[in-house]
Amino acid sequence: MPGLLRGIARTAVVAGTATAVSNRVSRRQAGRWAQQDYEQQGAVAQPPPAPPAADDMTAKMDQLKQLGELKAQGILTEDEFQEQKRRILG
């Protein structure tokens, strides 16, 4: 009988320790997630930095070239081409 009680007691200690460690890990992870959410919300509230003008113009030129190719292939009509061009240069 003493061996049985010792086994039960050991199981209770191990289970209690595992529960305490698990709870601590869960709280710490929840804190990390809360910190990440806070940082992301702060980043969302601030406007993103403006891209450099040269990169912006290069992107617009690439889009216009693609539009020209689509028009040349007959995929876009003249009106669709002009509308998309206005939107890009907008």
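Predicted model only: the values in this text are computed from it and were never measured. (Residues numbered from 1 in each chain as written. Predicted model: local features only at pLDDT ≥ 70, side-chain atom pairs only at ≥ 80, totals over all residues. Heavy atoms only, no water.)

Let us look at the overall build of the protein. When its secondary structure is counted, the protein shows three helices and zero strands. Walking the protein from its N terminus toward its C terminus, one meets helices and strands in the order α-α-α. Evaluated residue by residue, the protein yields a buried proportion of 4% over its 90 residues. (Helix = DSSP H or I, 4+ residues; strand = E, 2+ residues; numbered from the N terminus. Buried < 20%, exposed > 50% of the residue type's maximum accessible area, 1.4 Å probe, protein only.)

For the structure on display, the rule yields zero aromatic pairs. Sitting over the ring of Phe-81, Lys-71 keeps its end group 4.9 Å from the ring centre. (Phe/Tyr/Trp six-rings, centres within 6.5 Å; stacked < 30°, edge-to-face > 60°. Lys NZ or Arg CZ within 6 Å of the ring centre and 35° of its normal.)

A cluster of basic residues, Arg-24, Arg-27, Arg-28 and Arg-32, forms a positive patch at the surface. Its place among the elements puts Arg-28 in helix H1 (residues 2-45). (Patch = residues over 30% accessible without salt bridge, like charges linked within 9 Å, V, L, I, M, F, W, Y side chains within 5 Å. Areas by Shrake-Rupley, 256 points an atom, 1.4 Å probe, with all protein chains shown as cover. Salt bridge = Lys/Arg side-chain N within 4 Å of Asp/Glu carboxyl O. Lys, Arg positive; Asp, Glu negative; His and termini not counted. Charge placed at Lys NZ, Arg CZ, Asp CG, Glu CD.)

Relative to the helices and strands, Met-57 resides in helix H2 (residues 53-72). Note on Met-57: relative accessible area 46%, which makes it partly exposed. In sequence terms Met-57 and Leu-89 are 32 residues apart; their C-alpha atoms lie 9.4 Å from each other.

What follows concerns a nonpolar patch on the surface. Among the surface-exposed residues, Leu-4, Leu-5 and Ile-8 lie close enough to one another that they form a single nonpolar patch of about 320 Å² accessible area. Within the element layout of this structure, Leu-5 appears in helix H1.

In this structure the tally under the stated criterion is two salt bridges. Notably, a salt bridge pairs Lys-60 with Asp-56, separated by 3.8 Å at the nearest N-O pair. Of this pair, Lys-60 and Asp-56 are both found in helix H2, four residues apart, which corresponds to roughly one turn of the helix. Taking the relative accessible area as the measure of exposure, Asp-56 reaches 35% and is therefore partly exposed.

Before going further, it helps to spend a moment on the confidence of the model for the protein. Summary statistics for the protein give a mean pLDDT of 78 and a share of 73% for residues scoring 70 or more. Here H1 stands out as the least confident element of the protein, with mean pLDDT 73; helix H3 (residues 78-89) is the most confident, with 89. (pLDDT = per-residue confidence, 0-100.)

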